[in-house]
Number of protein chains: 2
Amino acid sequence: MNRKEFRDLATPAEAREAIDSLALEAGIERVPLAEARGRVLVARLDAELDVPGFDRASLDGYALRARDTFGADEADPARLAVVGEVHAGEEPDITLEEGQAVEISTGAVMPDGADAMVPVERTDRVDGPSTERASGETPTDMESDGDEVLVRTAVAPGDNVMFAGADVAAGERALGPGTQITPRDIGLLSALGIDEVPVRAKPRVGIVSTGDELVRPGADLASERGEIYDVNSYTIAAGVEDAGGEAVLYPHAGDEQDEMERILREAADECDLVLSSGSTSASAVDVIYRVIEEQGELLLHGVSVKPGKPMLIGRLDDSAYVGLPGYPVSAMMVFRTFVAPAIREAAGLPEPASATVAGRLARQERYEEGRHRLMPVGLVTDGDGETLVYPVDKGSGATTSLADADGVVEVGPETDYLEQGEPVTATLFSPDVRPPTLFAVGEDDPTVSRLLDGLENPRYLSVGTRPGLRRLREGVPDVAVVAGPLEADVETVELGRWEREWGLVVRTGNPDEIEGLADLVDRDRRFVNRTTDSGLRSSLDAAIADLADDRGTTRRELTDAIDGYDLGLRAHESPARKVIAGDADAGLGLRETADRLDLGFVPLGEQPVRVLANPDRTAKDGVRELEAALADV
Amino acid sequence: MNRKEFRDLATPAEAREAIDSLALEAGIERVPLAEARGRVLVARLDAELDVPGFDRASLDGYALRARDTFGADEADPARLAVVGEVHAGEEPDITLEEGQAVEISTGAVMPDGADAMVPVERTDRVDGPSTERASGETPTDMESDGDEVLVRTAVAPGDNVMFAGADVAAGERALGPGTQITPRDIGLLSALGIDEVPVRAKPRVGIVSTGDELVRPGADLASERGEIYDVNSYTIAAGVEDAGGEAVLYPHAGDEQDEMERILREAADECDLVLSSGSTSASAVDVIYRVIEEQGELLLHGVSVKPGKPMLIGRLDDSAYVGLPGYPVSAMMVFRTFVAPAIREAAGLPEPASATVAGRLARQERYEEGRHRLMPVGLVTDGDGETLVYPVDKGSGATTSLADADGVVEVGPETDYLEQGEPVTATLFSPDVRPPTLFAVGEDDPTVSRLLDGLENPRYLSVGTRPGLRRLREGVPDVAVVAGPLEADVETVELGRWEREWGLVVRTGNPDEIEGLADLVDRDRRFVNRTTDSGLRSSLDAAIADLADDRGTTRRELTDAIDGYDLGLRAHESPARKVIAGDADAGLGLRETADRLDLGFVPLGEQPVRVLANPDRTAKDGVRELEAALADV
């Protein structure tokens, strides 16, 4: 076996240094204002014009000479001749003389000769003495088109006028280099008439996935050949875009050296950074290793972090290159720890602020190896409003670990033990991560799924009834969902319960005429079971024990006779799906499942499903929301 | 004057209720996985397949029957026959019998008959007895292709195997409705082979700008007609996109009723929400008011908030309609307070988390009217690390107010007075707003601009020397930049100083042969001054006083003789720009400006520019960064 060994592991600091030494910057581009939001300015922008560009009326009213109003008040208004009007968007064609006023709209240009304005509310429009005589009446309402105006207040020069350049003066510094453009900055740029801005180009990041066993989502999967969906490509692409880069997915490369080299070099030619990602197979890693070593430059291979050891950093042609580990959790942890900061830096974006949460470790953790550890964690608020931090780990091959996690706790290589209750700081995956309002664990059940759909932001781990109870006892989740006869050995508060009918899910119309457990024992039908963790399995085992009693034989004798008894599947629908696929004649399941999938059903009994809360958590909003939802079940 | 009066103002709560009664939801769309980041799932997604889809080797090594290793250890390894190999992406063609092993790669399918695997590190590949005899030697290294393997450890069934469905089981709940898709969720969806997801469509928000005086950025502006750039359209569009909507800009509508109605109805036909925005002119508001009232339904007009009173809420055809105030600051404040939350709600996005900052008000504030107040504020950290919150207000017509602000403090209508030092909570404009590391005020100066370009995240308000000193005395900014003879009447720490040469900026080559101040007084040249706030103006006035002394006349006599002495512009380059434009023969300015703009220069003196810090703030990172940068000036 020709395996690449990573014997001299670099420290995380050395890995950061190696990545920093690569130039990921993509240069400058000019973007239209409509696309400038969130982009980063590369140069200072100074105002090229005054804003406003003219002396501007701030209100609707009358433009006038301030000194003509001196001494005016309600009792003794100043009387001015109205000699014209000017609206927004019009050029005034009048120069004011002493004793004159011009009707003016908000935003209009102050006419020459005027140095202040009065709002219309402090004026009355009236007919002048000659008109008054002619019509024989004295109009007083402000709708009047009289040729004079009574001004009932005194104003100072400049009152209610925004002078040219008062907002921004030509030549003034408007926005500095490095500004990440907000909608408010777009307001300022608009006011300056700027419709295109020079910004940092987004670093182009090519993603090359390798490995013969990988299939792109959406395509057909041959599980019997060990094919799996390519998790890393789209995930890393989304991470690249989160970090301010532009992700480019390249066609899947397989394990063949020539093809892989061709695609890697194409990506290096077109991108600022190439990430290879995907395969966990040693041969694919070997090929990439060879290509980078022979055709480029390898700066570093192997980093002392867990997860994430097999990481390559180097150059290929004019591009930077980072090889990520194959396992999705490892790939994502290495990406966000080492690569994302470098992309953000190149994009000119600051590190996300205030994305840490202080809490206490929910259970003790031991570390075997002296590697820097990136520990994915979930967060849950306890009854006192404090944050509990619990490690999320389904093994490095798992893909759901990170979807069930909120952030990361880093643990240094010198630490081999963390006590339960130890204060830790979790870095959230992003500043807008919201830890769940409810953390529940337990039985996989369709009613539970529907309940969760109606809650605000729940997290549910369908670990089964038995592990659910164990976790509730350990004090981490708020709630456990427990099905079947198992009793809780811990104090709990029952939030709700219902009964579910269970039995054998069989082919539509039950063509095998399976009538009960005895048919599985005696007629050699192919059966699919659930795992021992599930409440359904507990009820099945109880029913088998009863049948053994009836027949005067042992339980073991019966289970040995059931073909497939030992094959336990984790999810409540899985056995039914095996029946549909023709891989089994009967599966342990629920009537609800059989009905929904249009399958036959042989009832074996009813079992309770109970929703049990940690007594300390019953006042939590999420728990109360769940309790309210349960009232309708 | 035919003005629409808003006499019965609605409360903010009524305005929210009215907006909530409008349906902004845009329905469902299906997007490819590569575009799913940040979108919001509309339905629960259950796993349609097991992940992994087969029993999977977790390491490189040997698949075998666990019971064949029972009792094996370093001293007494189990010896098994190697009967084949299986790599990732291959279908195993072997069924293991007792005493047999198969070489297997990480990620490969476990062959039938095998129930565990041992990592290669715990094995030695050797030749079997027959081979050994034939070759006469005993290869022991792991590169050997011998036909037997020594297993130096015992394993239990299931060891180092990830069983089918162990990660996600078919039928299991994967992601709930309302999930905003993260890169980690994309990992889970990829693993499930899902390449398209049903998400909430982004609400389409049409933006119709009105007002004859508005010009789109990028086009030419006729300031003499009172034209200004349309600030609201692009700003509101960026706000819409920040809130998860899709902004659609419609052609500018002017003030003409038929055209405005045509565009409003086109937008209503194509969008979920129409926002009109732009004009501050009463006539444009009147026309829109009429269109909505006659052709649609007006739910509410006028809201008791400041800024923001003139707001319309209603329906037009099948679309929701909100009319925003014309002034940019008012428009943006009303948008973010009332409209953005409704767009987020329709987009399925949660309210941004943890976007508030607690601080103390930097100076007292009085409120005249009994309206709910949305007060734009800036934030600055004081010497003790506490946050000071200061109101940012250049008047509602200003566009830069918001670019210089970090968030909003809301003040209820019953409050007419806030004491200095009063605890307030500011809501940041967005969770990623970073208050500046340095808050400086004072003289507008090209050296200062360059200095700021090199700092991390500075805020500079070029208010002039005199107001800069006043603000420093009031204790809000960290630093004031002071030019000219003015002495500080407050204790400060001088961080740095330099000299700048000032004088008259004149046309290139000085064709008017202006030699000094006397030419302005005696030769009737058109001059452009700076505002009294500026240090340049102080030096000019001192020089004029000297000239008056020399001539035995009064300062006033001289300044009256200078054409344009009273016209003061705010920015250091503005007078020079007037000279370039032909509007003046000489402007007060700096040699640096004249050189940069290729203009003539008549030196009148040198003046010091001093950077003075609040003594309590000298330990702040931003102040120290500035001090370090000053060392290089």
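Calculation rules
- Residues numbered from 1 in each chain as written.
- Chains lettered and ligands numbered in written order.
- Predicted model: local features only at pLDDT ≥ 70, side-chain atom pairs only at ≥ 80, totals over all residues.
- Heavy atoms only, no water.
- UniProt positions renumbered as here; feature names shortened; annotations may be inferred.
- Phe/Tyr/Trp six-rings, centres within 6.5 Å; stacked < 30°, edge-to-face > 60°.
- Helix = DSSP H or I, 4+ residues; strand = E, 2+ residues; numbered from the N terminus.
- Lys NZ or Arg CZ within 6 Å of the ring centre and 35° of its normal.
- Buried < 20%, exposed > 50% of the residue type's maximum accessible area, 1.4 Å probe, protein only.
- Pairing = 2+ DSSP bridges.
- Contact = heavy atoms within 4.5 Å.
- Right-handed = clockwise from strand over helix to strand, strands pointing away.
- Axes fitted to C-alpha atoms, helices over the stretch in contact; angles between N-to-C directions.
- Domains from an automatic or database assignment.
- Buried area = accessible area lost by both parts, 1.4 Å probe.
- Core = buried A, V, L, I, M, F, W, Y, C linked by side-chain atoms within 4.5 Å.
- Least-squares fit on C-alpha atoms with pLDDT ≥ 70 in both.

Taken from UniProt, the Pathway (unreviewed entry) comment for chain A reads in full: "Cofactor biosynthesis; molybdopterin biosynthesis."

Participant: What is the right way to read the packing of aromatic side chains from this model?
Facilitator: The geometry of two aromatic rings is summed up by the distance between their centres and the angle between their planes. Residues and elements named next belong to chain A. If you walk through the whole model with that rule in mind, you get 2 aromatic pairs over all chains. Centroid distance Tyr-390 to Phe-439: 4.7 Å. Interplanar angle 5 degrees. Geometry classified as stacked. A residue pair is termed long-range when its members are at least 10 positions apart, and Tyr-390 in strand β25 (residues 387-391) and Phe-439 in strand β29 (residues 438-442) qualify at 49 residues. Between the NZ or CZ atom of Arg-537 and the centre of the ring of Tyr-565, over which it lies, the distance is 4.7 Å.

Participant: Would you mind going over the pairing of strand β24 (residues 372-381) of chain B with me for this structure?
Facilitator: Every other side chain in a regular strand lies on the same face of the sheet, so the side chains alternate between the two faces. All names here are of chain B. Across the 10 residues that make up β24, a large majority, 9, are buried. Direction of pairing for strand β19 (residues 305-306) relative to β24: parallel, over a ladder of 2 bridges. Note that in β24 the partner of Lys-306 across the bridge is Arg-373. Two strands pair when backbone bridges link them, and β24 and strand β26 (residues 407-411) are joined in this way by 5 bridges, in the antiparallel orientation. Along β26, the bridge assignment pairs Val-377 with Gly-407. Summarising the sheet, β24 and strand β25 (residues 387-391) pair through 5 bridges and their orientation is antiparallel. Within β25, the position partnered with Val-380 by the bridge is Leu-388.

Participant: Hey, could you run me through the environment of Ala548(A) in this one?
Facilitator: Residues and elements named next belong to chain A. Its location among the elements puts Ala-548 in helix α11 (residues 535-551). Residue Ala-548 is classed as buried on the basis of its relative accessible area of 3%. As for Ala-548 and Thr-559, which are separated by 11 residues in sequence, their C-alpha atoms are 9.7 Å apart. Dropping the residues within four chain positions of it, Ala-548 is found in contact with Thr-553, Thr-554, Arg-555 and Leu-558.

Participant: Can you walk me through the pairing of β29(A) in this structure?
Facilitator: All names here are of chain A. Counting buried positions along β29 gives 5 out of 5 residues, so the element sits mostly inside the fold. Of the two faces of β29, the one holding Leu-438, Ala-440 and Gly-442 and the one holding Phe-439 and Val-441 are both buried throughout. One ladder, built from 4 bridges, connects β29 with strand β30 (residues 458-461); its direction is parallel. The partner of Val-441 across the bridge, within β30, is Leu-461. The β-α-β motif built from β29, the intervening helix α8 (residues 446-453) and the parallel element β30 has right-handed crossover chirality. Of the strand pairs in this sheet, β29 and strand β31 (residues 479-483) are connected by 3 bridges, and their pairing is parallel. By the bridge assignment, Val-441 is partnered in β31 with Ala-480.

Participant: In this structure, what is going on with the sheet that holds strand β32 (residues 493-506) of chain A? I would like to understand it.
Facilitator: Within a beta sheet, neighbouring strands are joined by backbone hydrogen bonds and run either parallel or antiparallel to one another. Residues and elements named next belong to chain A. The strand order across the open sheet formed by 8 strands is β30-β29-β31-β36-β32-β35-β33-β34, and the pairing between neighbours is mixed. Taken across any chain shown, the strands that pair with only one partner, and hence form the sheet edges, are β30 and β34 (568-569). Lying on the sheet, helix α15 (residues 621-630) is in contact with β29, β31, β32 and β36 (600-613); it crosses β32 at an angle near 55 degrees.

Participant: I'm lost on the domain arrangement of chain A in this one. Help?
Facilitator: For interface size, the figure often reported is the accessible area lost on association. Residue and element names in this part refer to chain A. By domain assignment, chain A separates into domain 1 (12-27 + 202-347), domain 2 (28-52 + 167-200), domain 3 (56-130 + 140-162), domain 4 (356-428) and domain 5 (442-633). Taking only C-alpha atoms into account, the centre of domain 4 sits 30 Å from that of domain 5. At the junction of the two partners, domain 4 supplies 13 residues and domain 5 supplies 8 residues. Taking both partners together, domain 4 and domain 5 bury about 810 Å²; carbon and sulfur atoms supply 49% of that area.

Participant: Is there a simple way to think about the nonpolar core in this case?
Facilitator: Soluble, globular proteins show a tendency: their nonpolar side chains are buried together. All names here are of chain B. If you look at the biggest cluster of nonpolar residues, it comprises 70 residues, and the most contacted ones within it are Leu-275 and Val-339. With 12 residues, the top contributor of residues to this core is helix α7 (residues 328-347). Excluding residues within four positions of it along the chain, Leu-275 makes contact with Val-205, Gly-206, Ile-207, Val-208, Ile-236, Val-240, Val-322, Leu-324, Phe-335 and Val-339.

Participant: Whenever I open this one, the relation of the copies chain A and chain B confuses me. Can you help?
Facilitator: Each of the two chain copies can be brought onto the other by rotation about an axis and movement along it. Relative to chain B, chain A is turned by 180 degrees and slid 0.0 Å along the rotation axis, the superposed coordinates differing by an RMSD of 0.1 Å. As the rotation angle and translation indicate, the two copies are arranged about a two-fold axis. When C-alpha positions in chain A are compared against the rotation axis, the closest is assigned to Pro431(A), at 3.9 Å. Most of the interface of chain A is mirrored in chain B: 100% of its interface residues are interface residues there too.

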